[in-house]
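# Coordinate inspection notes
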Amino acid sequence: MADRVDPNGPGARSGIKPGDQLISINGQDVQNISGLERQLYRNGSVVQSGLSLVRQSVALDSSVILVPAERSLNNWLRLIALIYLGIGLYVLLRRWTAPGSTHFYIFCLVSFSLTPSSTPAS
């Protein structure tokens with residue numbers, strides 16, 4: 001069930017309103033949220049999807065082009081990873097003979113390299 005619909009988003013442009021209940025995507029029934037996520041993952045982003053909805057006991061068909069949402073949290077994660085990398089470099093260069101300093105640096109480097117990229121996931 002649609003709790004809210006972004007007035008400038010693709011859902012509103014395709015006629016979806018709050019309170020609409022999603023029945024299927026591209027002919028595949030959607031039973032719950034995890035089923036919806038699986039179906040959206042299979043379709044990918046920026047792909048036109050056919051939706052079957054129910055609005056006040058009336059069946060409706062709509063098509064929508066889904067676009068990925070902005071992930072502003074990723075910028076904070078990148079900053080934290082950069083701080084990890086800086087700490088790891090500081091410990092490695094300052095105490096390179098200390099046991100475990102190389103391992104700590106590798107941990108920080110891996111933390112930095114595994115942060116989310118700026119490209120959206122489909």
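Above: the structure in question.
This report concerns the structure included in the present document.

What counts, and at which threshold
- Throughout, a residue's number is its position along its own chain's written sequence, starting from 1.
- With the structure being a predicted model, the display of local features is reserved for residues of pLDDT at least 70 and the display and counting of side-chain atom pairs for 80 or more, all residues being used for whole-chain, interface and lining totals.
- Hydrogens and water are ignored here; the side-chain numbers use all heavy atoms of the structure.
- Elements are defined by DSSP. Helices are runs of H or I of four residues or more, strands are runs of E of two residues or more, and each kind is numbered from the N terminus.
- Whether two residues are in contact is decided by their heavy atoms: any pair within 4.5 Å suffices.
- By convention in these notes, a salt bridge is any Lys or Arg side-chain nitrogen within 4 Å of a carboxyl oxygen on Asp or Glu.
- Using a 1.4 Å probe on the protein chains alone, a residue whose accessible area is under 20% of its type maximum counts as buried, one over 50% counts as exposed, and one in between counts as partly exposed.
- Paired strands, as defined in this entry, are two strands with at least two bridges between them according to DSSP.
- The criterion is simple. A nonpolar core is a set of buried Ala, Val, Leu, Ile, Met, Phe, Trp, Tyr and Cys residues joined through side-chain atoms within 4.5 Å.

### Remarks on the environment of Arg55
Mapped onto the secondary structure, Arg55 falls in strand S3 (residues 48–55). Taking the C-alpha atoms as reference points, Arg55 and Gly19, separated by 36 residues in sequence, lie 7.0 Å from one another. Those residues in contact with Arg55 that lie beyond four places of it in its chain are Gly15, Ile16, Lys17, Asp20 and Leu60.

### Some thoughts on the pattern of salt bridges
Tallied over the full model, the rule gives 1 salt bridge. In this structure, Asp20 engages Arg55 in a salt bridge whose closest nitrogen and oxygen atoms are separated by 2.8 Å. Of the two residues, Asp20 is situated in the loop between helix H1 (10–13) and strand S1 (21–25) and Arg55 in strand S3; the sequence distance between them amounts to 35 residues. With a relative accessible area of 2%, Asp20 lands in the buried category. Judged by relative accessible area, which is 23%, Arg55 ranks as partly exposed.

### Considerations on the pairing of S3
Where S1 meets S3, 4 bridges bridge the pair, whose relative direction is antiparallel. Pairing of Ile25 across the sheet is with Leu51, part of S3. Here 8 bridges tie S3 to strand S4 (residues 58–65), and the two strands are oriented antiparallel to one another. Bridge pairing in S4 links Leu51 to Ser62. The loop that links S3 with its antiparallel partner S4 comprises 2 residues; one of these, Gln56, has a positive phi angle of about 50°.

### Here we look at the nonpolar core
Counting 6 residues, the largest nonpolar core consists of Ile16, Ile25, Val30, Leu51, Leu53 and Val64. Filtering out sequence-adjacent residues up to four positions away, Leu51 remains in contact with Ile16, Leu22, Ser24, Ile25, Leu60, Asp61, Ser62 and Val64.

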